[in-house]
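Structural features, examined
Listed below are the residues making up each chain.
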Amino acid sequence: MKELFEKIVCLHEPVDLFNGKRLPKDFELPDNILLFFHDFTATSPNTHLRWTLVIPLGPMTYLLDEYPVKIQAGDVLIIPPGQIRFLLPDSKSFSRLFITFELSGRQSYIPNNYLGKFSSSSHNILMNILQNYEADRIESCSFELVRFIRSLENTSLPVDMPKISPVAAKAMSLINRYLDEPMNNVRIARKLNISESHLRMVFRKEVGMNISSYITLQRLNMARHLLVNSSLTIAEIAEKCGFRSIYAFSAFFRKKTALPPLRYRNGNRKSPAPGKTFG
């Protein structure tokens, strides 16, 4: 109380009683806030017009445009609207919290770099956000979200960080876009107008696996996601994952997971939430 009193008596009357300290011009709080958990990777790079905070629960690598960014628990990836993002399928973990929101423009409380780290106060503020969101106290949730962003210790991404080449980035995009169609090295190389040998060399070097393994992994991730999060039939899922028969799909899925698709679905079923895709 004594400290508070000492602070108060030091506040002298201003010369102008109608001109005080103002908020930054066009100041705006986060609005239309969404919080949700993901434990899978999207099947293709995507972008949207919302701000996104990615809070990983384990080590993972995001592709921002053509730049791979490694993050882990305690980091916060800050993705602005319009930024192309993709969680690489060879990441060790897919578990992450998303906080997405709308702003009409960049605000002074949002750092210019992509990466932040938890400070000593960030954990408690994040807990406040979760509690306010669950209780539908959206005004408080918005205020706490500003506090959370401001609490982060800014970490600049390396200026010379490695860049995924256009060849590898376009190859991944093609595979993910046409996952329901037959896809191989020859077809991809033709679409990119490069030699098959050059494509193989670049892809393995930059993505860390050959194209066949990448296609297999993406089809498996797609299958897992659709089995758990959609009401599509097994036959429909098989087709979306590039299999021409339910038998071939079931054999593939059983080989990779040791479970038939229907048993996997029944053991992991969640409420479908169609219409929203975030990377």
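Okay, so let's go over this structure. Counting starts from 1 at the beginning of each chain's written sequence and moves along it residue by residue. Restriction of local features to residues with pLDDT of at least 70 applies here, the model being predicted, together with a cutoff of 80 or more for giving and counting side-chain atom pairs; totals for whole chains, interfaces and linings are based on all residues. Values reported for side chains reflect all heavy atoms of the structure, with hydrogen atoms and water molecules removed beforehand.

So, on to helix α4 (residues 166-177). For helices the rule is a DSSP run of H or I covering at least 4 residues; for strands it is a run of E covering at least 2, with both sets numbered from the N terminus onward. A helix is expected to span 1.5 Å multiplied by its residue count minus one. For α4, built from 12 residues, the straight-helix expectation of 16 Å at 1.5 Å per residue is met to within 8% by its first-to-last C-alpha distance of 16 Å. Using a 1.4 Å probe on the protein chains alone, a residue whose accessible area is under 20% of its type maximum counts as buried, one over 50% counts as exposed, and one in between counts as partly exposed. Counting buried residues along α4, nine of its 12 residues qualify, which places the element largely inside the surrounding structure. Along α4, the positions that sit buried rather than exposed are V167, A168, A169, A171, M172, S173, L174, I175 and N176. The inward-facing, buried residues of α4 abut β3 (60-64), β6 (85-87), α5 (185-192), α6 (196-207) and α7 (211-229). Throughout, a residue-residue contact means that at least one pair of heavy atoms, one from each residue, lies within 4.5 Å.

Moving on, we come to unusual backbone geometry. Its identity as a non-glycine residue notwithstanding, D26 has a phi of 65 degrees, on the positive side. Residue position: D26 is located in the loop between α1 (2-9) and β1 (31-38). Positive phi, normally seen in glycine, also occurs at D136, with a value near 60 degrees. Here D136 lies in the loop between α2 (122-134) and α3 (138-151). By relative accessible area, D136 is classed as exposed at 62%.

This next bit is on the side chain of T257. Mapped onto the fold, T257 is located in helix α9 (residues 246-257). Residue classification places T257 among the buried positions, given a relative accessible area of 17%. Of note is the side chain of T257, whose polar atom sits 2.8 Å from the backbone oxygen of F253. In terms of polar contacts, T257 uses its side chain to reach the backbone carbonyl oxygen of L259, at 3.1 Å. Ignoring any residue separated from it by four or fewer positions in sequence, one finds T257 in contact with L220 and R224. Here a polar contact is taken to be a pair of N or O atoms separated by no more than 3.5 Å, where protein atoms must pair a possible hydrogen donor with a possible acceptor and residues adjacent in sequence count only if both atoms sit in side chains.

Moving on: the sheet that holds β1. Two strands pair if DSSP finds at least two bridges between them. Read across the open sheet, the six strands follow the order β1-β7-β2-β5-β8-β9; overall the sheet is antiparallel. The open sheet terminates on both sides in strands that have one partner only, identified here as β1 and β9 (153-155). Averaged over all adjacent pairs, the angle separating strand axes in this sheet is 25 degrees, with direction ignored. Only C-alpha atoms enter the line fits that serve as axes; for helices the fit covers just the stretch in contact. Angles between N-to-C directions range over 0 to 180 degrees. Relative to β1, α2 is tilted by about 105 degrees, and along the sheet it contacts β1, β2 (51-56) and β7 (96-102).

Right, let's talk about the packing of aromatic side chains for a bit. Two rings from Phe, Tyr or Trp (for Trp, the six-membered ring) form a pair when their centres are within 6.5 Å of each other. A pair whose planes differ by under 30 degrees is stacked, one over 60 is edge-to-face, and the rest are tilted. Under the definition given, this model contains eight aromatic pairs. One aromatic cluster is present, built from ring pairs that chain together F243, F249, F252, F253 and Y264. To sit over a ring, a charge needs its Lys NZ or Arg CZ within 6 Å of the ring centre and within 35 degrees of the ring normal. Sitting above the plane of the Y178 ring, K191 keeps its charged end 5.3 Å from the centroid.

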